[in-house]
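Examining the three-dimensional arrangement
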Amino acid sequence: MLFFSRWKTIFIVGLVALGIILAAPNVMNSDTRAKLPTFLQKTINLGLDLQGGAHMLLEVDLSSVLQQALVNERTGILTEFRDANPRIQGDQIRIQNGLVVGRLRNAADQDRALAVLQEMSTPVDPTQIGSPRRTEVTSVGNDGFSVRITDAQIEAIRKRTIEQSIEVLRDRIDPSGTTEMTLVREGDDRILLQVPGAKNIDEIKAAINRTANLSFHLVHPDSNQERALAQAVQTFDPETGDARLASIGTRYFPHQDTAGGLIVEESTRITGECLENSSPGVHPDNGSAIVNFSFNFRCSRLFGEMTAKNIGKPFAVVLDGEIITAPNIRGAITGGRGFIEGSFTPDSASELSRLLNAGALPAKLVIVEERTVSAELGEASIRAGQVASIIGLMGVAAFMWLSYGLRFGTIANLALATNIGLIAAALTVLGATLTLPGIAGIILTIGMAVDANVLIFERIREETHNGRPPVSAIETGYRRSLAPILDANITTLIAAITLYFVGSGPVRGFAVTLAIGIVTSVFTAVVFARLLTATWLRGTRPKSLPI
C-alpha cells in the first residue's frame, strides 16, 4: 500500500492543489478576487443566519383559486350546453356553496345534460390509469344537477398553485438567479422564503403583494344600463370581488383611477398567460408612460378574432381586479401587439412590465410571518464559528503532536488542513449555502477527520511494538485500518444522506457539509496522508519509527 505510481502521485497532488486553488478566493478580499479569472471569483454562499436578510412565511390564499375553478367549470358547462345538438336549455346555472348547481328548462334534457357533464369530468391526471375524476356530478330532482370539484382535483390545484407561485416568486425576486435564496413549500399551503443579504425588504414585499393578474374582457351591454350598473356598484364587495349582477356570465370591476366601474363579460381567453413579452414605452401621441406587450401566436389569433368581431365596442384591460383602461376597438388588431395606457409613471410602467414578464401569481400570498436577520448577527455568528474552528483545530493539532510525535503528528495535521481546504473547495464549486449548522458540521468533521489517523497510527504503533520493521509496520497499519475506517465513515455518510432527504433548511446545510467532510476526510487520511508517509519513508529510510 506504500507504492504510488507516478501518475497516481500526480493525480493526488494535483487534486489537492486544485482544491486549495478553488478554496483560496474565500480568504481573499473582494478587490483581490476581482483581479482573478471569472471561474476563480466564486466563493461559498453564506446563508441567512450568516449574512443577514429577510425571512418570510407566506400563506397561499387557495380560496380564490378554487372559486376561479368553479367559475371555469360553470363557463364550460354553459358552453357545452349551448353547443349541444339540440341545444340544452339551462336555467339559473350558478355557483352556490362550493358547487355549480343548475336546473333545466326541459326535464327531458336531464339525461343528456348529465351525460355531457360526465364527459366533461376528465381524469385529474390523464397519464395515470385509474386517476380520479376532476368533478363529481349528481342529479337533483328530475330536472336539476350539481357539480362538485373532487378532493383529488382540489389537491392537484393546491399543488399546482404552490409550484407556480414558487416559480413566479423566483423570477420576480431573483431574476438573475444569483441571490441563492431559499424558496420551498412548507406544509399544505405555505411557502418559506429566505433572501440572504436582502437590503430592501419593502421591494420584496411589493413583489409578493402584487399578483399581476392581467386579462382582457369585452364590456357587457349592462354597463350602459344605468340601473344594472348602479346595482353592481352598490353591492360590490372589494374583499371577495362579488356583486349583484343583472346578467349571468358577467362580472363587475371597479376602475383604477375613477369612481365607478364597468360590467364585463366574465369569460375570457386573453389573459396574462398569453403575453410573450412586455416592456415599458412612451405613448406615440401624448408621450405618457405605457406598457407595450406582444401576444404569443395562439393568443394573437384569438385577439385578432375578438377585435375583428367587436369593432366599435369597448373592451376592458383588467389588472389585479381593477380596470386600468377600457378603450373602444377601432379595428381588428391582428399583429398580436399593443400597449396598455393608464396613469403610469415611467417607474410604475417598468415595474408592471417586469411583473408581467415574470408571470402572474396564481393566488394571493399572505405574509403570516416576517423576520429580518441583521447583518451584525450574521457577522457575530461567523466570528463565533471562526473562533470555534480555530480553537478546535489547534486543540486537535496539539493532541496529534503530543500523542504521535513531530513527524506523524505533522502528517496528520497536514491531512487535516488539506481536508478543510477541500471542504471549502467543494462547497464553493457546488454552490452550496453555508449556514450556522453547516459550520457546526465542519467543526464536527475536524474532530472526525483525525479519527482515521488515530486508528492508523495506533495500529502502526502496535505493529512496531510487536517487532515489525518500519516499512512493514506502516504497510500493515494502513492495510488493517482501512476496513474499520470505511465502516465508520460509510455509516455516518448514510446518516448524512438521510438527513439531507428528510430534513430541510439548516438541517440540509448541516447534512451537506457533514457528507462532504466525510468524503474528503477519508481521502486525506487514507490516501493523502499515506502518500506523505510513503514519501517521508522513502526519503529518510528510518531504522525505527518515532511514534
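First, a word on what this report is: a plain description of the structure on this page. Predicted model, so just to flag it, every value in this text is computed and none were measured.

1. A few points about the overall build of the protein
In terms of helices and strands, the protein carries 14 helices and 18 strands. Computed over C-alpha atoms, the radius of gyration of the protein comes to 34 Å, more than 25% over the 24 Å expected from 2.2 N^0.38 for 547 residues, which places it beyond the range of a compact globule. Across its three principal axes, the protein shows a C-alpha extent of roughly 110 × 60 × 40 Å. Evaluated residue by residue, the protein yields a buried proportion of 41% over its 547 residues. Taking the intrachain contacts of the protein between residues at least 6 apart in sequence as the baseline, contacts between residues at least 24 apart amount to 67%. When the accessible surface of the protein is summed, it comes to about 28,600 Å², and 55% of that surface belongs to carbon and sulfur atoms. Positive and negative side-chain charges in the protein, numbering 50 and 53 respectively, have mean positions lying 10 Å apart.

2. Overview of a nonpolar patch on the surface
On the surface, I497, Y500, F501 and V502 cluster together into a nonpolar patch covering about 430 Å² of accessible area. Position of I497 relative to the elements: it lies in helix 13 (residues 470–502).

3. A closer look at the sheet that holds strand 6 (residues 144–149)
Read across the sheet, four strands follow the order 3-4-6-5 without closing on themselves; strand pairing throughout is antiparallel. Each of the sheet's edge strands pairs with one partner strand only, and the pair in question is strand 3 (90–96) and strand 5 (135–140). Sheet twist, expressed as the average angle between the axes of neighbouring strands with direction ignored, equals 15°. Judged from the five bridges that link them, strand 3 and strand 4 (residues 99–104) form a sheet pairing that is antiparallel. Across the sheet, D91 pairs through a bridge with R103, a residue of strand 4. The strands touched by helix 4 (residues 62–83) within the sheet are strand 3, strand 4, strand 5 and strand 6, with strand 3 carrying the most contacts at an inclination of about 170°.

4. As for helix 6 (residues 151–173)
With 23 residues, helix 6 should cover 33 Å at 1.5 Å per step; its first-to-last C-alpha distance of 32 Å lies within 8% of that length. Where helix 6 is concerned, the buried positions are Q153, I157, T161, I162, S165, I166, V168, L169, R172 and I173.

5. Some points on the packing of aromatic side chains
Counted under the stated rule, the structure contains 13 aromatic pairs. Their ring planes at 65° and their centres at 5.7 Å tell us that F216 and F303 sit as a pair that is edge-to-face. Here the residue F216 occupies a position in strand 9 (residues 214–218), and F303 occupies one in helix 9 (residues 297–309), the gap between them amounting to 87 residues. With 5.6 Å between their ring centres and 70° between their planes, F408 and W536 make a pair best called edge-to-face. In this pair, F408 is assigned in helix 11 (residues 375–430) and W536 in helix 14 (residues 506–540), connecting sequence segments 128 residues apart. The exposure class of W536 is buried, given its relative accessible area of 16%. The rings of F216, F293, F295, F303 and F315 are connected pair by pair, giving a single aromatic cluster.

6. Side note on the side chain of T476
As for its placement among the helices and strands, T476 is situated in helix 13. By relative accessible area, which is 2% here, T476 ends up buried. Residues within four places of T476 in sequence aside, it is in contact with R459, E463 and R468.

7. Some details on the sheet that holds strand 9
In space, the three strands of this open sheet follow the order 9-14-15, with antiparallel pairing throughout. In this open sheet, the two strands that pair with only one neighbour each are strand 9 and strand 15 (322–325). Each adjacent strand pair in this sheet contributes to an overall mean axis angle of 40°, direction not counted. With five bridges joining them, strand 9 and strand 14 (residues 315–319) adopt antiparallel strand pairing. The residue bridging F216 from the neighbouring strand is V317, located in strand 14.

8. Topic: unusual backbone geometry
A cis geometry characterises the amide bond from N85 onward to P86, with omega recorded as 0°. Relative to the elements of secondary structure, P86 occurs in the loop between helix 4 and strand 3. In this structure, N97 takes a positive phi of about 55° despite not being glycine. Relative to the helices and strands, N97 resides in the loop between strand 3 and strand 4. On the accessibility criterion, N97 (75% relative accessible area) is exposed.

About the criteria used
Residues numbered from 1 in each chain as written. Predicted model: local features only at pLDDT ≥ 70, side-chain atom pairs only at ≥ 80, totals over all residues. Heavy atoms only, no water. Helix = DSSP H or I, 4+ residues; strand = E, 2+ residues; numbered from the N terminus. Rg over C-alpha atoms; globule rule 2.2 N^0.38 Å. Buried < 20%, exposed > 50% of the residue type's maximum accessible area, 1.4 Å probe, protein only. Contact = heavy atoms within 4.5 Å. Areas by Shrake-Rupley, 256 points an atom, 1.4 Å probe, with all protein chains shown as cover. Lys, Arg positive; Asp, Glu negative; His and termini not counted. Charge placed at Lys NZ, Arg CZ, Asp CG, Glu CD. Patch = residues over 30% accessible without salt bridge, like charges linked within 9 Å, V, L, I, M, F, W, Y side chains within 5 Å. Salt bridge = Lys/Arg side-chain N within 4 Å of Asp/Glu carboxyl O. Pairing = 2+ DSSP bridges. Axes fitted to C-alpha atoms, helices over the stretch in contact; angles between N-to-C directions. Expected span 1.5 Å × (residues − 1). Phe/Tyr/Trp six-rings, centres within 6.5 Å; stacked < 30°, edge-to-face > 60°.

Treat this as a map of the structure, not an account of what it does.
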